[in-house]
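Chain by chain, the residues:
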Amino acid sequence: MKLSLRLLAQFLFNILLVTVVGGLLYMFYKAATTLVAGQMISTVSLSLFVKGLVYTTPFSVVFSELFMALYLVRHPKFSVLPVVVYVLLCAVCWAVVLPLYSDFSTRSTAVPEPTETVPLSPGFFRQNDETVFYYATVAADNTTSGLCIDISERAGTVYTYSDVRLPAEGNTFADSLIARSIQFPPLLTRFFERATILCDAARIAQYRGCMSWLCFASLGLALMSALCFRRFSAWKLINGTLVIASTLALLELNALYYQGLLFPSVVAVLNRQLPALYGIRNPCLVLFNLAVFVVFSVLGLVFTLCSRRREGEK
């Protein structure tokens, strides 16, 4: 009973912690997109923080489930109640919390973000493809004068220019120097891309109705069953690693499916051959997630029995 209560408390704490930290990181990141080299940054924005909370909520729910599984790996007692609490919390998240989030986020993210056009600061070198510009002066009307250096294969061309209007920044950041300073590692960039794909798929599923959402929520069943590796071996580190690896693999495979990159020709044929019963969308993906849930559940039972036998032999 005590383990179950601690599990519930940790789940709520993890959701709160991840959501707040995500909101702060989002606020700092969006503030950095308006930052110009040589000028002060304004980091405190309530509207950006609230938007960050909204965007982070689904990640906090999913990763809180993962943290619960790791907590159970750390405390592998032979008790059914903690596992029941884990299953109930996962079911509440996918059946209640995430659907309500999808509906709420559509309204809350419609609030406009504070935008402020800040002119680029003079006295800095800025690279644009194979050319480096030195802005000696930047006027109020966004015209600049300075020095241009060609760094391409035919390097050696240096000339000055004056009264040239700067084009509008085409990327997320207001200053290319800041954009070059804040570059995410490839693995983190890939994570954000996959997370965006899954969030978009969740919103579409919520918009299409209950059956469509249940099809998408089959991912939740597959993720929940990653707990099967809780007693894979006597080494908790190996068990925890397998739980994390299986969770990330399932998220990656589902994202690739929605992106149309997971064996597209095979998936298209299977989706045409499988009957569309009760309006089930993406039957191939639903069957895959359900198969993972069944196989992992059986494996979890087998690993538990083997673990009991090992404990009995000691």
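Values in this document were obtained by computation on a predicted structure and should not be read as measured data.

A. Region of the structure containing the overall build of the chain. Across its full length, the chain holds 10 helices and 4 strands. Starting at the N terminus, the α and β elements of the chain follow one another as α-α-α-β-β-β-β-α-α-α-α-α-α-α. The proportion of buried residues among the 314 residues of the chain is 37%. Intrachain contacts of the chain at a sequence separation of at least 6 include 66% that bridge at least 24 residues. Total accessible area on the chain stands at roughly 18300 Å², and carbon and sulfur atoms take up 68% of it.

B. Expanded view of the pattern of salt bridges. Taken as a whole and assessed by the stated rule, the structure comprises 3 salt bridges. Note that R194 is salt-bridged to E252, the shortest N-O span being 3.3 Å. Here R194, found in helix 5 (residues 186-208), pairs with E252, found in helix 8 (residues 236-259); they are 58 residues apart in sequence, far enough to count as distant. Among the ionic pairs, R203 bridges to D200, the shortest N-O distance being 3.5 Å. A residue pair is termed a helical-turn pair when its members lie 3 or 4 positions apart in one helix, as R203 and D200 do in helix 5 at 3 residues. By relative accessible area, R203 is classed as partly exposed at 28%. Residue classification places D200 among the partly exposed positions, given a relative accessible area of 37%.

C. Summary view of the packing of helix 2 (residues 46-74) against helix 8. At a closest axis distance of 9 Å, the pairing of helix 2 and helix 8 adopts a crossing angle of 160°. Relative to helix 8, the element helix 2 is oriented roughly antiparallel. Regarding helix 2 and helix 8, the two cross each other, and that crossing is right-handed. Together, L66, A69, L70, V73 and R74 of helix 2 and K236, N239, G240, V243, I244 and T247 of helix 8 make up the contact between the two elements.

D. A look at the side chain of S212. With respect to the helices and strands, the residue S212 is situated in helix 6 (residues 210-216). Dropping the residues within four chain positions of it, S212 is found in contact with A205 and R281.

E. Representation of helix 5. Here helix 5 contains 23 residues, and its C-alpha end-to-end distance of 33 Å stays within 8% of the 33 Å for a straight helix at 1.5 Å per residue. Among all positions in helix 5, only R194, A195, I197, L198, C199, A201, A202 and A205 are buried.

Cut-offs used in this document
- Residues numbered from 1 in each chain as written.
- Predicted model: local features only at pLDDT ≥ 70, side-chain atom pairs only at ≥ 80, totals over all residues.
- Heavy atoms only, no water.
- Helix = DSSP H or I, 4+ residues; strand = E, 2+ residues; numbered from the N terminus.
- Buried < 20%, exposed > 50% of the residue type's maximum accessible area, 1.4 Å probe, protein only.
- Contact = heavy atoms within 4.5 Å.
- Areas by Shrake-Rupley, 256 points an atom, 1.4 Å probe, with all protein chains shown as cover.
- Salt bridge = Lys/Arg side-chain N within 4 Å of Asp/Glu carboxyl O.
- Axes fitted to C-alpha atoms, helices over the stretch in contact; angles between N-to-C directions.
- Parallel < 35°, antiparallel > 145°, perpendicular 65-115°, else oblique.
- Left-handed = near helix turned anticlockwise from the far one by under 90°.
- Expected span 1.5 Å × (residues − 1).

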